[in-house]
Amino acid sequence: MTLADQSEGTRTWLRLVSAALQAIDEGSVLLVDEIDSSLHPRLTARLIELFRDERTNVHGGQLLFTTHDATLLGTSFGNEILGRDEVWFVEKDGTGATTLFPLSDFHPRKDENTERRYLGGSYGAVPAVFSDTLVESLLKARSGDERAA
């Protein structure tokens, strides 16, 4: 069986873990856009753990990534995946300007379910694609199309 025979997730994992081990060994920074793309959440959590564990990351390598995987705000086998000070949100305003802000600004309690609160919109940084205004505009446009037909 060749690498080409493997799933996209397996190929992604092998590329990422190879780059991660190099960054950990050299004490360098690994940048990953959408780290959760094609990866099972447990593999993503394990990759993060490699960087957070001082026993495996003796040279201080760093992992900087973007993700849409809200499960990373939770725990894995009872351990916090990311510290409250390690999570930053990105939000665009109505003009398209981007704001970056840390989870720690919200002072979440240790026992708080940050994953659920994030998905519920408590911290902002959630897509406004399906806002009421957009849905109303789509419905209005659709009803106009049906009258024209």
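Residues numbered from 1 in each chain as written. Predicted model: local features only at pLDDT ≥ 70, side-chain atom pairs only at ≥ 80, totals over all residues. Heavy atoms only, no water.

**Quick word on the overall build of the chain**
Put simply, the rule is: Secondary structure elements are defined from DSSP: runs of H or I of at least 4 residues count as helices, runs of E of at least 2 residues count as strands, and each element is numbered from the N terminus. Radius of gyration means the value over C-alpha atoms here, while the globule rule gives 2.2 Å times the residue count to the 0.38 power.
Within the chain, the secondary structure is distributed over four helices and six strands. Counting from the amino terminus, helix and strand elements in the chain follow one another as α-β-α-β-β-β-β-β-α-α. Relative to the globule expectation of 15 Å for 149 residues, the C-alpha radius of gyration of the chain, 20 Å, shows a markedly less compact shape. If you line up the chain on its principal axes, its C-alpha atoms span 65 × 45 × 30 Å.

**Let's talk about a nonpolar patch on the surface**
Note the following rule: Like-charged residues within 9 Å of one another, or nonpolar side chains (Val, Leu, Ile, Met, Phe, Trp, Tyr) within 5 Å, are grouped into patches, provided each residue has over 30% relative accessible area and no salt bridge. For every accessible area listed, the method is Shrake-Rupley and the probe measures 1.4 Å; residues are considered covered only by the protein chains on display. A carboxyl oxygen of Asp or Glu within 4 Å of a side-chain nitrogen of Lys or Arg is what we treat as a salt bridge. Burial classification: accessible surface area is computed with a 1.4 Å probe over protein chains only, and a residue below 20% of its type maximum counts as buried, one above 50% as exposed, and the rest as partly exposed.
A contiguous nonpolar surface patch, about 310 Å² in accessible area, is contributed by Val29, Leu31 and Leu64. With respect to the element layout, Val29 can be found in strand 1 (residues 29-32). The exposure class assigned to Val29 is partly exposed, which follows from its relative accessible area of 48%.

**Some points on the packing of aromatic side chains**
Two aromatic rings are characterised by how far apart their centres lie and by the angle between their planes. Using the following cut-off: Under the pairing criterion, centres of Phe, Tyr and Trp rings, with the six-membered ring standing for Trp, must be within 6.5 Å; the plane angle then separates stacked pairs below 30 degrees from edge-to-face pairs above 60, leaving the rest tilted.
Overall, the coordinates contain five aromatic pairs when judged by the stated rule. Measuring from ring centre to ring centre gives 5.7 Å for Phe89 and Tyr123, while their planes differ by 20°; the resulting arrangement is stacked. With Phe89 in strand 5 (residues 88-92) and Tyr123 in the loop between helix 3 (114-119) and helix 4 (132-148), the pair connects residues that are 34 residues apart, well separated along the chain. Note on Phe89: relative accessible area 6%, which makes it buried. Relative accessible area serves as the criterion here: at 2%, Tyr123 is assigned to the buried category. Of the aromatic side chains, those joined through ring pairs into one cluster are Phe89, Phe101, Phe106, Tyr118 and Tyr123.

**Considering unusual backbone geometry**
Phi is positive for Glu34, close to 55°, though the residue is something other than glycine. Secondary-structure assignment places Glu34 in the loop between strand 1 and helix 2 (41-52). Judged by relative accessible area, which is 36%, Glu34 ranks as partly exposed. At Ala125, a position not held by glycine, the phi torsion is positive, near 55°. Among the secondary structure elements, Ala125 is positioned in the loop between helix 3 and helix 4.

**Considerations on the pairing of strand 1**
Operational definition: Note: two strands are recorded as paired if DSSP finds a minimum of 2 bridges between them. Seen with the strands pointing away from the viewer, any crossover whose path from the first strand over the helix to the second strand runs clockwise is right-handed.
Burial of strand 1 is one-sided: the residues Leu30 and Val32 facing one way are buried, the residues Val29 and Leu31 facing the other way are not. Two elements, strand 1 and strand 2 (residues 62-65), share four bridges in a ladder whose sense is parallel. Paired with Leu31 across the bridge in strand 2 is Leu64. In this fold, strand 1 hands off to helix 2, which returns the chain to strand 2; that crossover is right-handed.

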